[in-house]
Amino acid sequence: MTRPRPAVAELAAGIRAGDRGTLSRAITLAESRLAADQDRAQELLVELLPQTGGARRLGLTGVPGAGKSTMIEALGMWLIEQGHRVAVLVIDPSSARSGGSILGDKTRMQRLSMLDDAYIRPSPTSGALGGVGRRTREALMLCEAAGFDVVIVESVGVGQSEALMADLVDCFCLLLVPGAGDELQGIKRGIVELADLVVVNKADGEHVADARRAAMDYRHALRMLQPATPGWKSPVLTASAMTGDGLPEMWAAIEEHRAHLDASGLLGERRRDQQLRWLRALLDETVLASFADRPGVDDALRAAREAVVAAEVTVPQAVARVMAAVSDGR
Ligand SMILES: Nc1nc2c(ncn2[C@@H]2O[C@H](COP(=O)(O)OP(=O)(O)OP(=O)(O)O)[C@@H](O)[C@H]2O)c(=O)[nH]1
Ligand SMILES: [Mg+2]
């Protein structure tokens, strides 16, 4: 069985031309677990590196139902009207397990997905070495090379996905809804601390007053926290993804944050730190994986566990034994 394999140069040309079909194929290639595909994907990424880095990288998180997808669709359509090209990557922890809720997300962004200047893609979170964010990071770079000047990453604000998202984006936006306390919203303090911008969504109809009150509360709470970006006071805005109210103000705040990152040199610093943390994480994982693959490791680990449980050795001694057994096995 032979599959058609477009040359890397051909893929690169298609992506540079902004072709969404080629972009999809390239992202699929980068997501593949086959070593041969990975080689080509990395070759492609290197080739496209000079065309990456140019987008506004925006992360949007919030509890399920906060209105992230609705907000991205409304903001995305507004941005496209302003002449932008908008890519959306949806980090979905459920997609790996169940086939996921992606269909639902696509449906919710139906109007956006029909526009030529939009691209929407789910990002699986598991499988590859390099942390859960790896695939999203590579997809983001490919979208940039394809000329999308705004890339929005959506992540459900529960679990660890928002910390990983903060390592992918320049501006981290937290979406809240009025009328629910922090506990109810499942928002951990650590997430609020990451926010460069807080938006209280669903400020429409009977919720407007609640939304304003919630925004006041958060403005107050944020004063007690370390700023997510040094020298930047994270604004707390109200908006409605449904009516579009507050979206231009939201984008203005994102642009202001960007101007602050540019003027202070923090943009380069943030992206460099992100790359270095990724290098570190991928290296750690790769070393561990290659260690686990060596002959004798399983036996040595089992023996170490037994010896520790039986209190025959200390934990450092057990580790030394495993390391010794493994070097002998080479
Ligand atoms: N009234 C009102 N409803 C909204 C607004 N934004 C979203 N909703 C509704 O809230 C519900 C959830 O919206 P989604 O956009 O799917 O929320 P989400 O955060 O993407 O949800 P998950 O992807 O499941 O985590 C939908 O029924 C939306 O119609 C808003 O600004 N006002
Ligand atoms: Mg959603």
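Relevant structure appears above.
Topic: the environment of S24
- Relative to the helices and strands, S24 resides in helix α2 (residues 20-31).
- S24 sits 115 residues away from A139 along the chain, and the two C-alpha atoms are 9.0 Å apart.

Some details on the site of ligand 1
- Residues in contact with ligand 1 amount to 17 residues; listed here are only the nearest, G67, K68, S69, T70 and M242.
- Of all the secondary structure elements, the ones that give two or more residues to the shell around ligand 1 are α4 (68-81) and α6 (102-108).
- In terms of residue count, the dominant contributor to the shell around ligand 1 is α4 (three residues).
- Residues belonging to the shell around ligand 1 are distributed by class as follows: five nonpolar, seven polar and five charged.

Side note on the sheet that holds strand β3 (residues 118-123)
- Taking strand neighbours across the sheet as the criterion, the seven strands line up as β3-β2-β4-β1-β5-β6-β7 in an open arrangement whose pairing is parallel. The strands lining the two open edges of the sheet, one partner per strand, are β3 and β7 (236-238). Looking at each pair of strands side by side, their axes are set apart by 20 degrees on average, direction ignored.
- With four bridges joining them, strand β1 (residues 56-62) and strand β5 (residues 171-176) adopt parallel strand pairing. Within β5, the position partnered with G59 by the bridge is F172.
- Its contacts with the sheet place helix α13 (residues 247-264) against β1, β5, β6 (197-200) and β7, and it is angled at close to 175 degrees to β6.

Notes on helix α8 (residues 134-145)
- If you check α8, its first and last C-alpha atoms are 17 Å apart, about what 12 residues at 1.5 Å a residue would give, namely 16 Å.
- For α8, the tally of buried residues reaches 12 of 12 residues, placing the bulk of the element in the interior.
- Looking only at α8, the buried set comprises R134, R135, T136, R137, E138, A139, L140, M141, L142, C143, E144 and A145.
- Of the residues trailing α8, G147 is marked for its positive phi of about 90 degrees.

Procedures and definitions
- Each chain has its residues counted from 1, following the order in which its sequence is written.
- Following the order in which they are written, the chains are lettered starting with A and the ligands numbered starting with 1.
- Only residues with pLDDT of 70 or above have their local features reported here, since the model is predicted, and side-chain atom pairs are shown and tallied only from 80 upward, although totals for entire chains, interfaces and linings are computed over all residues.
- Labels follow the DSSP assignment, with helices taken as runs of H or I lasting at least four residues and strands as runs of E lasting at least two, numbered in each case from the N terminus.
- Each residue gets a C-beta atom placed from its backbone. If that atom is within 6 Å of a molecule or strand, the residue is near it.
- In the scheme used here, Gly and all other residues not listed as nonpolar or charged are polar, with Ala, Val, Leu, Ile, Met, Phe, Trp, Tyr, Cys and Pro taken as nonpolar and Asp, Glu, Lys and Arg as charged.
- Here the rule is simple: two strands pair whenever DSSP picks up at least two bridges between them.
- Think of each axis as a best-fit line through the C-alpha atoms, taken over the contacting stretch in the case of a helix, with angles from 0 to 180 degrees between the N-to-C directions.
- By definition, residue pairs are in contact when their C-beta atoms, positioned from the backbone, come within 7 Å.
- To estimate how far a helix should extend, the number of its residues minus one is multiplied by 1.5 Å.
- The exposure scheme places C-beta atoms from the backbone and then counts, for each residue, the other C-beta atoms within 10 Å of its own, assigning buried at 20 or more, exposed at 12 or fewer, and partly exposed in between.

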